[in-house]
Amino acid sequence: MTAIAIRPRIDERTVTAGTTPRFALLIVLIVVSSVDLMRTLNSTADQSLAWWGCRLAAGVDPAQKDRTVMLGEVSQADAYHDCMIRYALPPWWQPLGWPVLLAVVALLVFWVLPRWKTRRTVPLAAVDHDGEISWAVAELAATIGLRRFPRVVVDPAAASTGAVVFGRDGRSVLCLHGGLVASRVHDPGRFRAVVLHELAHIDNRDITISYATIALWRAFLFAMVLPSTGMLLVTLPNSLRSPYWSTYAPAATRNLLFVVVLCALVYLARSEVLRTREIYADLSAARWGADPDGWQAPAAPVRGRARRALDRFRDLWRTHPCWEVRRWALADPEILFRVAAMPMFLTGVAAALINNRIWMYAKQYRLAGGWNDQLVALTAASLVAGVAGVALWRAVAHALLTGRPAPSGVRGGAWLGVGMAFGHLLAGQEVISDWLPESPYYLVLVVLAGMAFAWWTSQCAQVWITARHGRPVSRLLLVGLPSAALVMSGWFTWWHGGGALLAAGWPFEPDQIRALLERTVTGPAPGHRNVLTGVAAMIPVVASMTKVPLILVQVAVLWLVPLAAWAARSSSGGVAPSAPGLPPLRLAVLPGVLGGILCWDAVVWTQAYLHPLRPDTEQGWALYQILYTAWLFVALVGPAAPAVLLASALNPRHRLVSTLIAAEVAVLAGFAGMVVLVSTDGCVRPLAVLGSSCGSRLPAAWSTVELLLTPALVIAAVCGGVAAVLVGLLSRVPRPRRGRAAAPAWSAGGTALRRIVVGALVSVAMLVTISEVALRLHERAAPESQAVSRMLPPAPAVAVSAETKRVQIASWERYGGRGLLGRFSTEMDKLIAAMQVSIDTASNGRVDISPARAACVAIGGFGRDAERYFRVPDAEGDESWQRYIALIRQGSRNCVEAVDRDDHTLFYASVDQLEDALRTGIVLIRRLNTLHPGGL
Amino acid sequence: MPGIRVRDVVRDVVAEVAEQELPLVIGLSRFSEAVVVRRLARTKGRRETLGFGVGEVVPLVTAAVWLVLDQTAQQAAGLVVTGSLGRLRTWWRRLRRRPSVAVVPPLTQEQLREVHQRVIDVGGRRGLSRRQSEVVADAVVARLALGAPTGGEVRALGPDDGAAGGRA
């Protein structure tokens, strides 16, 4: 105990407890999960069938691996989504009704709970005739300055010496247990401790949020989990009889597992946060004068190792910490400031599930992509920042304010990352009908992202708390938490936009992309195959970056937020007498400037290397431009490597933020030089690449280099992180530089210079970021994935069984094919009817063809719809289908043109084409009937 | 029915040997006998959200006396709940919300000795020391021996008049 007594401690209220965001995380998780969970109750049998029916109609073979299934979906994305929305999904607003229902039930439970709990209690006034107990409670409430006195009741049958509060913050009820009332005279210390503890819950405003979470949880359990799980189990025997059971067994298992894990997750997280609130209440009570002896409890019996492990496991599920921990926390609240593994893991799982569930909803209804993804990610990331970010800031603040070494946060971050990876696996975003993603090892990236986030957040906290010592940490969180949320949202958006494909199996091989480049842009380039392969490999990476609308803002936050701490730095030393201050800014900025200068050299070398390779033919210029762009990119990013290594070596205590600053400064400085050198291309003969004469080529130069900026800034930031890790591993134990740590106060001149440097860097970065983001706001929409995939060579055909082929054809017919074929006949009937009237009313042997126009326009519309629909999942049948569509489109186009020009020859030709289409349709129907007898 | 109500005996005994528990007796008197007995029969504390935590359980004289006297009253009335039929009857009574106030009839010497021993046993099981249990048992027997005041049933605490009680 002596050891505890001499340890420095801080007031636990110095930094926000961060329990409200933890409750919020639970509430959002429950609400979001309700939408997904109730899908089984929400869908009709036909809708459930259509989940796989649409895939089968797209020609997907359920026996194939996920990657093939995914290719089938992506290559016909428009048709697939149309099919899903029409046949498999309820109207978009319907799933949103479940959270409303949940809220109503939860409100009801919240209203009933206090009434239920008071049913076996009596008002204190009714039993306390001499008023002694009331007076004692009132005195304690007055001591702590409680604004609203609770209603006090007694549970006369409860023999324990405890109490409880419930109700809501504004109208709380304090229930004293009979044992406490009976022992008040003999043990006033205990009475005081217990009542003060409960009053602390009221003062800390724990009641509404705690009971709201409980109400929501119970409503969710009884109104959602039980019915949906019941339904799942009822339909299970039918599912087991399906020939495709093996296909959806993983998804069905995941759904069941999801329910179990969700329940465990919510329960564990709720208990964990309640335990924290209990310690806060204990500390408040102790501060108000409660006797520590009030926390005495019967001594726990001595137990074996296995039993102790079991006890620890049980403790995880309990709403109160064990008495030993509570007494320990009263002596030293350090436990409140630890970055514990369990909450970090749970936060990771919850955030991944929340992000995934909202994103999946948006994707199903074609609302996903771009800014919407960013918004969804920001929701989940805000919760991560609110929970994990606060925990990390608290740990750093506690360490710095008590003179202990600041934690790196990496261990906690690893748990966060493991939680996110587990959440991804559970949500099944990267899988369709497999148990595991095709490349599950890519989920390591998720773990690394968690670690990087925690490391960066901790370092930001470290530099800001060091720089602004003496200021309330809660105020610094106003900068720290939104920044952390933005950074994390970048990761979530990227993962959903492209990263997840790494784990699921990238649908297009680099060789395919290179072949496409050679076929459509450059022509054959045997001498530069490697460069083109590199470019092909970079295209998906850069493409995935375009899925993150705020990527430059996020990169800017990564280095500008810590950088700003140097400008905001106070003029005196560290936060605690023994804590060192911030290192000089030049140790991070100068390596960056050096990298920028190296970049200029590299651009000159690139131009000198490419000058002799100037092509003679027109076609060669396309390849030459690609080579030039690729080498410029290398020249821009490459020099950042030595810069970040140097910065990392010079700043052992702030390695990550220093390397980020150095990396971004290097790229920005290099980019500025690159713009100058490329825009004066042609002025120096041996360096001329695209220009042949000297003159201002700024617009052309900008269009060449502008594309490079975003990927260069992002990749440089990643390089910065990698360098920080490498140098950190090499040096292992960072040795603080005592000379610098005890550096004297900065002079006013030094501070001014530092602020000018920081101001300039921030201005440049903001300018670049805002202009790039503004440009992206005005970018044209990317072509549809269906259109893109059609540019690529078709995937090799996979042989399917006759039964699967039959089901595929049946699905093709059921989910639109049959309707389309029938619709053409109807449209043709209208055309014939219109023309019949014209023929009947013809005068002088001249038929008026104008009445045919409306029918021809309708046939054209039908042709577009048919083109948008699935290809026939049979090579021979699809050949007829494509010919059928082509004839219809051509025929309808010619028909409209003929009517407009009153060209009878063209009109009859168009009718011939449409008639030919009808014949082709009959051939197609015969083929379909062969494959699926009795279908049409 | 001649005799003395359980809650009256409990109040008088508690007032004599454990005055600090009187508020509990007053509070309990607001509930039916079945509720009181069921709730007093619990020997463990409960974990409650925003409670103080599962801690010490105080050995209550009230609980020991009330449980023993209730059992005595039930035995005397031939209503000892044994088996599922008895439990069903209890549930039925609760469902019909019939007021149930247990009454101990006049007891023989033998029965009083039995009650005395039972109080000592139950008191011991619920954490009272041997000495305390004996004091309580003596007080219970003395009160039962006194019987009901003249005029039949004792007018004292009832389900609807908990607030009327006070320190003796």
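Residues numbered from 1 in each chain as written. Chains lettered and ligands numbered in written order. Predicted model: local features only at pLDDT ≥ 70, side-chain atom pairs only at ≥ 80, totals over all residues. Heavy atoms only, no water.

Here we take up the state of the cysteines. Residues and elements named next belong to chain A. Enumeration over the complete set of coordinates arrives at two disulfides over all chains. Linked covalently through their sulfurs, C54 and C83 form a disulfide whose S-S length is 2.0 Å. With the S-S dihedral at roughly -80 degrees, the linkage between C54 and C83 falls on the left-handed side. Here the residue C54 occupies a position in helix α4 (residues 45-57), and C83 occupies one in helix α6 (residues 77-88), the gap between them amounting to 29 residues. Across the pair, C83 and C54 agree in class, each one buried. What pairs with C856 in a disulfide is C895, and their sulfur atoms sit 1.7 Å apart. Measuring handedness by torsion sign, the sulfur bridge of C856 and C895 sits at about 65 degrees and is right-handed. Remark: C895 occurs in helix α34 (residues 875-901) and C856 occurs in helix α33 (residues 852-868); sequence separation between them is 39 residues. For C856, a relative accessible area of 0% corresponds to the buried category. (Disulfide = S-S within 2.5 Å. Helix = DSSP H or I, 4+ residues; strand = E, 2+ residues; numbered from the N terminus. Buried < 20%, exposed > 50% of the residue type's maximum accessible area, 1.4 Å probe, protein only.)

Residues and elements named next belong to chain A. Pairing is mixed in the open sheet, where four strands are placed in the order β1-β2-β4-β3. The two strands at the open ends of the sheet, each matched to only one other strand, are β1 (122-123) and β3 (163-167). Two elements, β1 and strand β2 (residues 151-155), share two bridges in a ladder whose sense is antiparallel. Within the sheet, the bridge partner assigned to P123 lies in β2 and is V153. (Pairing = 2+ DSSP bridges.)

All names here are of chain A. On the surface, Y441, Y442, V444, L445 and L448 cluster together to form a nonpolar patch covering roughly 460 Å² of accessible area. Secondary-structure assignment places V444 in helix α19 (residues 444-467). Residue class for V444 comes out partly exposed when judged on its relative accessible area of 47%. (Patch = residues over 30% accessible without salt bridge, like charges linked within 9 Å, V, L, I, M, F, W, Y side chains within 5 Å. Areas by Shrake-Rupley, 256 points an atom, 1.4 Å probe, with all protein chains shown as cover. Salt bridge = Lys/Arg side-chain N within 4 Å of Asp/Glu carboxyl O.)

Attention shifts here to the interface of chain B and chain A. When the parts of a complex come together, some accessible area is lost, and that lost area is often taken as the interface size. Facing the 32 residues of chain B at the interface are 50 residues of chain A. Between chain B and chain A, the buried area comes to about 3,300 Å², and carbon and sulfur atoms account for 63% of it. When the area that chain B buries against chain A is broken down by residue, the three leading residues are T49, L50 and F52 of chain B, summing to 28%. Inspection of the chain B/chain A interface yields two salt bridges. Put simply, K117 of chain A and E48 of chain B hold a salt bridge, and the shortest N to O gap is 3.9 Å. Where chain B packs against chain A, one counts twelve residue pairs in polar contact (both at pLDDT 80 or more). When residues of the side of chain B that touches chain A are traced back to their parent elements, those giving at least two are α2 (22-28) and α3 (33-40) of chain B. (Contact = heavy atoms within 4.5 Å. Buried area = accessible area lost by both parts, 1.4 Å probe. Polar contact = N/O pair within 3.5 Å; in protein donor to acceptor, adjacent residues only side chain to side chain.)

Attention shifts here to the nonpolar core. Residues and elements named next belong to chain A. The biggest cluster of nonpolar side chains holds 154 residues, and the ones touching the most others in it are F220, W456, I465, M488, F492, W559 and M674. The element that contributes the greatest number of residues to this core is helix α17 (residues 370-401), accounting for 15 residues. Here this core spans two domains, since at least three of its residues come from each of domain 1 (1-43 + 90-114 + 208-297 + 304-334) and domain 3 (545-780). Excluding its chain neighbours within four sequence positions, the residues that come into contact with M488 are A381, V384, L416, M420 and F453. (Core = buried A, V, L, I, M, F, W, Y, C linked by side-chain atoms within 4.5 Å. Domains from an automatic or database assignment.)

Our focus in this paragraph is the environment of D902 of chain A. Residues and elements named next belong to chain A. Summarising the element assignment, D902 is placed in the loop between α34 and α35 (904-931). D902 sits in the partly exposed class, given a relative accessible area of 39%. Between the C-alpha atoms of D902 and S850, which are 52 residues apart in sequence, the distance is 7.7 Å. What D902 contacts, discounting residues up to four positions off in sequence, is R846 and I849. Of the polar contacts made by the side chain of D902, one reaches the side chain of H904; its length is 3.3 Å.

Before going further, it helps to spend a moment on empty space enclosed by the protein. Counted according to the given criterion, the structure contains seven cavities of 30 Å³ or more. Each pocket or cavity is described by its volume, and for the largest cavity that value is around 160 Å³. Taken together, 14 residues make up the lining of the largest cavity; nearest its centre are A157, A158 and A159 of chain A together with K44 and R46 of chain B. Here the residues of the lining of the largest cavity are counted per class, giving four nonpolar, four polar and six charged. (1 Å grid on protein atoms, 1.4 Å probe; cavity = no way out; pocket = protein on both sides within 12 Å on 5 of 7 lines; lining within 4 Å. Points joined across faces, edges and corners; volume = space filled by probe spheres on them. Nonpolar A, V, L, I, M, F, W, Y, C, P; charged D, E, K, R; others polar.)

Residue and element names in this part refer to chain A. With the rule as written, the count across this model stands at 23 aromatic pairs over all chains. A centroid spacing of 5.4 Å and a plane angle of 40 degrees characterise the contact between W491 and W494, whose relative ring orientation is tilted. Taken together, the residues span about one helical turn, with W491 and W494 both in helix α20 (residues 473-504) at a distance of three residues. The class for W491 is buried, based on a relative accessible area of 17%. In textbook terms, an aromatic cluster arises when at least three aromatic residues are bridged by ring pairs, as seen for W812, F824, F862, Y869, F870, W881 and Y884. (Phe/Tyr/Trp six-rings, centres within 6.5 Å; stacked < 30°, edge-to-face > 60°.)

Bringing the pattern of salt bridges into the picture now. Counted according to the given criterion, the structure contains 35 salt bridges over all chains. R927 of chain A is the partner of D874 of chain A in a salt bridge, and the nearest nitrogen-oxygen pair spans 2.8 Å. You can see D874 of chain A sitting in the loop between α33 and α34 and its partner R927 of chain A sitting in helix α35, a full 53 residues away along the chain. For D874 of chain A, a relative accessible area of 7% puts it in the buried group. Residues E114 of chain B and R118 of chain B are paired through a salt bridge, measuring 2.6 Å at the closest nitrogen-oxygen approach. Taken together, the residues span about one helical turn, with E114 of chain B and R118 of chain B both in helix α6 (residues 109-125) at a distance of four residues. Note on E114 of chain B: relative accessible area 41%, which makes it partly exposed.

This brings us to the confidence of the model for chain B. Low pLDDT marks stretches whose predicted atomic positions should not be read closely. Residue-level pLDDT values for chain B average 78, and 73% of them are 70 or greater. Between residues 150-168 of chain B, whose pLDDT stays under 50, and residues either more than four places distant or in other chains, the model counts 45 contacts. (pLDDT = per-residue confidence, 0-100.)

Residue and element names in this part refer to chain A. Here strand β4 (residues 172-177) lies mainly inside the structure; six of its six residues are buried. Bridge count for β2 against β4 is five bridges, and the pairing is parallel. The residue bridging V153 from the neighbouring strand is C175, located in β4. Judged from the five bridges that link them, β3 and β4 form a sheet pairing that is antiparallel. In the strand pairing of β4, V165 is matched with L174.

Our focus in this paragraph is the packing of helix α23 (residues 551-567) of chain A against helix α28 (residues 698-731) of chain A. All names here are of chain A. Contact pair α23 / α28: the axes reach a minimum separation of 10 Å and the direction vectors enclose 40 degrees. Considered as vectors, α23 and α28 are oriented oblique to each other. Once α23 is placed against α28, the crossing between them reads as left-handed. Packed against α23, whose contacting residues are I551, L552, V555 and L558, the element α28 presents T710, L713, V714 and A717 at the interface. Within the contact of α23 with α28, the residues separate by chemical class into seven nonpolar, one polar and no charged. (Axes fitted to C-alpha atoms, helices over the stretch in contact; angles between N-to-C directions. Parallel < 35°, antiparallel > 145°, perpendicular 65-115°, else oblique. Left-handed = near helix turned anticlockwise from the far one by under 90°.)

Turning next to α19 of chain A. Three- or four-residue spacings in an α-helix give side chains the same orientation, since the helix completes a turn every 3.6 residues. Compared with the 34 Å implied by 1.5 Å per residue over 24 residues, the 34 Å span of α19 of chain A between its first and last C-alpha is a close match. The element α19 of chain A is largely enclosed, with a buried count of 19 among its 24 residues. (Expected span 1.5 Å × (residues − 1).)

Glancing now at the confidence of the model for chain A. Residue and element names in this part refer to chain A. Averaged over all residues, the pLDDT of chain A is 85; the fraction at 70 or higher stands at 92%. The model gives residues 1-6 a pLDDT under 50, and that stretch makes three contacts with residues more than four places away or in other chains. In the model, residues 737-749 has pLDDT below 50 throughout and makes twelve contacts with residues more than four positions away in sequence or in other chains.

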